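Here's the letter readout for the chains.
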Amino acid sequence: MKKIKLKTKKKISTDTIKAGGVIAAVASGVSIITLGILHALGLTDIGKDAPSLVIIIIASIVFAVGLALYFFALFIALRAVEGEADGAELVAADLPAEESLPAGATLEDLAEPAPQPEPAEQLQPDSQPERVEVIEEIYDGTITAEEIAANLAAYSAGRGLKISAECARKIIAAMASSRLVALTGADDGELINFIGVLNGYFGAKTFDGLKDTLSSAYSNLNAITCIALPDASENAETLKQFVNYAAKPAGKTRVTVQNGYTTLNYAISPNVWVFTSVSGSGENLLRNAAEAAAFVCAEFSAAAETGGNDAVKRVNYFTFIKLAELCLDKFAPDEEKFWKKYDKMEKAVKDGCGYFAQNKKRRATEAFASLYLACGGESALDCTAAAHLCAPALSVGLALKDFINAAENVFGEDNAASCKKIGKAVA
């Protein structure tokens, strides 16, 4: 639809019109009076003198027009005082058809407004939570990655959820490599329970609704906020939005949230991690999230609460991010022990299905391996391939048996347990 602009045409002043009318009326009136005096004195005979008759007729017409102009100008002036006519006219340039206008709209509604300064962007236009203007980035340089994993296991036990030390390492490594973590072997109830434990450990609040969770995360950037997205096969559209976020967490990815009959639109702050379960078919995850997610086999179970969580040292968002960056150098995987074998595994996958990791996936692989090693893990090849190579390979058509055979050939038959578990869960 083309634009419509308001333009103001130049107009003759009403005072000018009144003055012209008065002058015309007075001049014609003087002519008529003069001829009348001359006729009375016998100096002319209007009935017989043709020129005098013509003058009388013309003067009468001019007199009438002058009076008409005067009263017309007076009428226009009165309307201007009332605000009904100010000389502005709506000039339409290529007006749209009336039937093409939105319901209830008028042509005036489509007029282009005067340029206004752009407002500062708000991350959450539908429900902006309160937050202090300056965020103090709290960083604790005294805690190690190994302590984070051990403390997570200890805190979980205190909350009645037993997590193996190995599972804790892989979860921390997965979080360092992606904002989207897919847990295999956990049903929806276990996932939700686990997210409550994670939020408690990382200092965030847990809410039932996505709207309140995102608002809380935005208002408390020092805390890592974890979101539970149950069985990915039943949340395809929401999963796609979080996949976009995981691909660019520092951007301004938005997610739609249904709040009763209202659909809200929220930006996701970078301190948000999304966990989804693979309790059903892994087809949707393979189709939409294989490249973006980090896959971990859930190894936890319900247990009696042990308490004592007040003594467990927590970790905040900025500490975790900084520590992950430091571990990339300090705990970089060894070229001989790790990268040569991992590259060989990637080549086997490429030969089998054509898949090879792009730069972003390669960086995620490095982040996972370095954090896993920093946490004290001893199966970096198997766990890293399971987290970041298995699902992408299967998503482009590599048969599960071919992937497992390649892992056993490269890593050793006894060193591919995680690849087998992840592969069977998502295939």
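Since the model is a prediction, treat every value here as computed from it, not as a measurement.

Reading the values: the criteria
Residues numbered from 1 in each chain as written. Predicted model: local features only at pLDDT ≥ 70, side-chain atom pairs only at ≥ 80, totals over all residues. Heavy atoms only, no water. Helix = DSSP H or I, 4+ residues; strand = E, 2+ residues; numbered from the N terminus. Contact = heavy atoms within 4.5 Å. Areas by Shrake-Rupley, 256 points an atom, 1.4 Å probe, with all protein chains shown as cover. Salt bridge = Lys/Arg side-chain N within 4 Å of Asp/Glu carboxyl O. Buried < 20%, exposed > 50% of the residue type's maximum accessible area, 1.4 Å probe, protein only. Axes fitted to C-alpha atoms, helices over the stretch in contact; angles between N-to-C directions. Parallel < 35°, antiparallel > 145°, perpendicular 65-115°, else oblique. Nonpolar A, V, L, I, M, F, W, Y, C, P; charged D, E, K, R; others polar. Core = buried A, V, L, I, M, F, W, Y, C linked by side-chain atoms within 4.5 Å. Pairing = 2+ DSSP bridges. Phe/Tyr/Trp six-rings, centres within 6.5 Å; stacked < 30°, edge-to-face > 60°. Lys NZ or Arg CZ within 6 Å of the ring centre and 35° of its normal. pLDDT = per-residue confidence, 0-100. Left-handed = near helix turned anticlockwise from the far one by under 90°.

Asker: When you look at the overall build of the protein chain in this model, what are you seeing that I'm missing?
Answerer: Looking only at helices and strands, one finds 15 helices and 10 strands in the protein chain. Taking contacts inside the protein chain between residues at least 6 apart in sequence as the whole, the part at least 24 apart equals 79%. Carbon and sulfur atoms form 55% of the exposed surface of the protein chain, whose accessible area is close to 22700 Å².

Asker: Mind showing me how you'd approach the pattern of salt bridges here?
Answerer: When their charged atoms lie close together, side chains carrying opposite charge are able to pair. Going through the model one piece at a time under the given rule, you end up with 10 salt bridges. Ionic pairing is found between R169 and E166, a salt bridge with its closest N-O pair at 2.8 Å. Of this pair, R169 and E166 both sit in helix α4 (residues 165–177), three residues apart, which is roughly one turn of the helix. One salt bridge in this structure joins K170 and E299, with 3.6 Å as the shortest N-O distance. Highlighted residues: K170 in helix α4 and E299 in the loop between β9 (294–297) and β10 (300–302), separated in sequence by 129 residues. K170 sits in the buried class, given a relative accessible area of 6%.

Asker: Please explain the packing of helix α14 (residues 400–411) against helix α15 (residues 417–426) as it appears in this structure.
Answerer: Geometry of a packed helix pair, given as the angle between the helix axes and the separation of the axes. It is the contact of α14 with α15, at a shortest axis distance of 10 Å, that shows an interaxial angle of 170 degrees. Relative to α15, the element α14 is oriented roughly antiparallel. Here α14 contributes L400, F403, I404, A407, E408 and F411 to the contact with α15, which in turn contributes C419, K420, G423 and K424. The residue inventory of the contact of α14 with α15, partitioned by class, reads six nonpolar, one polar and three charged.

Asker: Honestly, the nonpolar core in this entry has me stumped. Any pointers?
Answerer: Across soluble globular proteins, you tend to see nonpolar side chains buried next to one another. Counting residues in each nonpolar core, the largest one holds 102 residues, and the members touching the most others are M175, F194, F275 and F403. Excluding residues within four positions of it along the chain, F194 makes contact with L161, I163, I171, L183, F275 and F300.

Asker: Before we go on, may I ask you to explain the sheet that holds strand β5 (residues 225–229) in this structure?
Answerer: Sheet strands line up and pair through hydrogen bonds in the backbone, either parallel or antiparallel. Taking strand neighbours across the sheet as the criterion, the four strands line up as β5-β8-β4-β9 in an open arrangement whose pairing is parallel. Two strands in the sheet have a free side with no partner beyond their single neighbour: β5 and β9. Geometrically, the sheet is characterised by an average inter-axis angle of 25 degrees between neighbouring strands, direction not taken into account. Of the strand pairs in this sheet, strand β4 (residues 180–184) and strand β8 (residues 272–278) are connected by five bridges, and their pairing is parallel. In the strand pairing of β8, L183 is matched with S277.

Asker: Before we go on, may I ask you to explain helix α12 (residues 380–388) in this structure?
Answerer: Within an α-helix, residues lying three or four positions from one another point in the same direction, as the helix has 3.6 residues per turn. Counted residue by residue, α12 has nine buried out of nine residues, so it is predominantly covered. Those residues of α12 lying buried are A380, L381, D382, C383, T384, A385, A386, A387 and H388.

Asker: Even after reading the chapter, I still don't get the packing of aromatic side chains, so can you show me in this structure?
Answerer: The geometry of an aromatic ring pair comes down to the distance between the two centres and the angle between the two planes. Counted according to the given criterion, the structure contains 11 aromatic pairs. Considering the side-chain rings of F194 and F275, the 5.9 Å spacing of their centres and the 80 degrees angle between planes classify their relative orientation as edge-to-face. Of this pair, F194 sits in helix α5 (residues 188–202) while F275 sits in strand β8, and the two are 81 residues apart along the sequence. On the basis of relative accessible area, F194 is assigned to the buried category, the value being 0%. With a relative accessible area of 0%, F275 lands in the buried category. By way of ring pairs, the aromatic residues W273, Y317, F318 and F320 are connected into one cluster. The cationic tip of K350 hangs over the ring face of F356; the distance from NZ or CZ to the ring centre is 5.0 Å.

Asker: Got a minute to help me understand the environment of N151 in this structure?
Answerer: Position of N151 among the secondary structure elements: in helix α3 (residues 145–158). Exposure remark for N151: the relative accessible area of 17% places this residue in the buried category. Taking the C-alpha atoms as reference, N151 lies 8.5 Å from Y201; in sequence the two are 50 residues apart. When neighbours within four sequence positions are excluded, N151 is seen to be in contact with I143, Y201, V312 and K313.

Asker: How do you make sense of the environment of V243 when you look at a structure like this?
Answerer: On the secondary structure map, V243 appears in helix α7 (residues 236–247). Each C-alpha atom of the pair V243 and A293 lies 7.6 Å from the other, and the pair is 50 residues apart in sequence.

Asker: Before we go on, may I ask you to explain the confidence of the model for the protein chain in this structure?
Answerer: Looking at the protein chain, the pLDDT average stands at 78 and 66% of residues meet or exceed 70. Segment residues 1–11 is flagged for pLDDT under 50; beyond a separation of four residues in sequence, or across chains, it makes 30 contacts in the model. Taken together, the stretch residues 80–134 has pLDDT below 50 and engages in 74 contacts with residues farther than four places along the chain or on a different chain.

Asker: In this structure, what is going on with the pairing of β8? I would like to understand it.
Answerer: Taken residue by residue, a regular strand's side chains alternate between the two faces of the sheet. Of all seven residues that make up β8, seven are buried, and the element is covered over most of its length. Burial along β8 is two-sided: the face carrying V272, V274, T276 and V278 and the face carrying W273, F275 and S277 are both buried. Here five bridges tie β5 to β8, and the two strands are oriented parallel to one another. Bridge pairing in β8 places T225 opposite V272.

Asker: Explanation requested: the packing of helix α10 (residues 335–353) against helix α11 (residues 359–374) in the structure shown.
Answerer: Look at α10 against α11: their axes get within 13 Å of each other, and the N-to-C directions meet at 135 degrees. The angle between α10 and α11 places the two elements in the oblique class. The chirality of how α10 crosses α11 is right-handed. In this structure, α10 contributes F338, W339, Y342, D343 and E346 to the contact, and α11 contributes R362, T365, E366 and A369. In the contact of α10 with α11, the residues fall into four nonpolar, one polar and four charged.

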